[in-house]
Every structure is written in structure tokens, then in C-alpha cells.
Amino acid sequence: MLNFSDNMSQTKIEKLTPQQEALIPVYREKWRKIALSTEAIDRQKAANSIKVAYELIGYQEPEIIFCDSPFVLCNTVVSQLESELWSQLESQLERHLWSQLENQLSQLWWQLYSQLDSELWNQIESQLWKPLESPLVGSLCRTRCANSHNFCSSCYP
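This section reports on the structure supplied with the text. (Residues numbered from 1 in each chain as written. Predicted model: local features only at pLDDT ≥ 70, side-chain atom pairs only at ≥ 80, totals over all residues. Heavy atoms only, no water.)

## Concerning the overall build of the chain
Rules: Put simply, DSSP H or I for four residues or longer makes a helix, DSSP E for two residues or longer makes a strand, and each gets a number counted from the N terminus. Each residue is placed in one exposure class: buried if its accessible area under a 1.4 Å probe, protein chains only, is under 20% of its type's maximum, exposed if it is over 50%, and partly exposed if it falls in between. Method for areas: the Shrake-Rupley scheme with a 1.4 Å probe, in which residue coverage is limited to the protein chains shown.
Of regular secondary structure, the chain possesses 3 helices and 0 strands. Of the regular secondary structure in the chain, the N- to C-terminal order runs α-α-α. Looking at the 157 residues of the chain, the share that counts as buried comes to 3%. Summed over its atoms, the accessible surface of the chain is roughly 14800 Å², and 59% of this surface lies on carbon and sulfur atoms.

Spelled out as C-alpha cells, the structure:
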């Protein structure tokens, strides 16, 4: 970083001369007029001055925007901010909505799966297992009893 004190004179001014004091109102008026001036500026000269100043402090040159009036500047800035904010809002809203939709679809999928799974097993049980259960169990029981030579009252009433 540039140290500006290196470029300045080492002489410290303790008191102004009478001639310097007499020039204070002149310079005050000069800079007041410059500050309050409504004349157009030399845009190229201003841009070059900004570029040089940024180079001296080691910063990258900023984007320079010239406007015809403070009102135009405000409208330009507001328009840019509005555009950026809408873009951010749209992006955040889209992410949020997709996330909610994904969660809801996932919940619906599991509800549907659970319901169909339960209904399917109930139908299998009532339409396939129940009609076959009694004959299969009886047949297995008779086979077991016959093989063990122990006849139970369930197999042979």
C-alpha cells in the first residue's frame, strides 16, 4: 500500500503567512462554486482521474456510471437493485417451492405405497390365504401326525 507521507514534504507548517490568510476567502469561494456548479463535467477527464486514483491505492478500477442528474442516478440505481432483488427473490422462491413440492410428493408416495401395500396384503390374506389356510394346515397336521404315529383330535376328529 502506498504511504502518502513519503511523497509529502517533511516541512510542518505552524502558522500561515498574512498573504496565505488573505487568500483563504478566495479559495473558499473557488471551491464553493466548484461544489455547487451545475455545469457538465468532462467525463473523460473525471474517468481518468478515478482510474489514476484507484491505481495509486492498488485497487481495481470500478465501473463508472455517469448520469445527467441525481434523479436519473437514483432511478438507475433503484432499477438495478430492483432487478437484482427480483432475481434473488425468484431464485429463492423457486428453490423453496421445489423443495416443498419434493417433500409433499415424497409424503404422498409413501402414503400411497403404505396404503396399497396394506390393501394388497389384506386382499392376498382374504382371497388367497384364508381359503387355503384350513386345508393346508389340516393336511400338514395329518402328515405330521401320521409320521410321528401320534394322532391328534385336530387331524382326526
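Resuming the write-up.
## Topic: the pattern of salt bridges
What counts is decided by this rule: By convention in these notes, a salt bridge is any Lys or Arg side-chain nitrogen within 4 Å of a carboxyl oxygen on Asp or Glu.
Applying the stated criterion across every chain yields a total of 2 salt bridges. The salt bridge involving Arg32 is made with Glu29; its shortest N-O contact spans 2.9 Å. Here Arg32 and its partner Glu29 are both found in helix 1 (residues 18-36), 3 residues apart, which amounts to about one turn of the helix. For Arg32, a relative accessible area of 42% translates into the label partly exposed. Residue classification places Glu29 among the partly exposed positions, given a relative accessible area of 30%. Put simply, Arg43 and Asp68 hold a salt bridge, and the shortest N to O gap is 3.0 Å. With Arg43 in helix 2 (residues 43-56) and Asp68 in the loop between helix 2 and helix 3 (70-148), this residue pair connects regions lying 25 residues apart in the sequence.

## Looking at a nonpolar patch on the surface
Stated precisely, the cut-off is as follows: Each patch is assembled from residues with relative accessible area greater than 30% and no salt bridge, linking like charges that lie within 9 Å and nonpolar side chains (Val, Leu, Ile, Met, Phe, Trp, Tyr) that lie within 5 Å.
Nonpolar side chains collect at one region of the surface, where Leu23, Val26, Tyr27, Trp31 and Ile34 lie side by side and expose about 530 Å² of accessible area between them. Within the fold, Val26 resides in helix 1.

## Considering helix 2
In an α-helix there are 3.6 residues to a turn, and that puts residues three or four apart on one side. Which entries qualify depends on this criterion: For a helix, the expected span equals 1.5 Å multiplied by the residue count minus one. Under the rule applied, a polar contact is a pair of N or O atoms within 3.5 Å (in protein, one hydrogen donor and one hydrogen acceptor; residues adjacent in sequence only if both atoms are side-chain atoms).
Here helix 2 spans 20 Å end to end across 14 residues, near enough to the 20 Å set by a 1.5 Å rise per residue. Here helix 2 starts with a cap whose side-chain oxygen sits 3.2 Å from the backbone nitrogen of Gln44, and that cap is Asp42. After helix 2 finishes, the residue Gly58 shows a positive phi value of roughly 75°.

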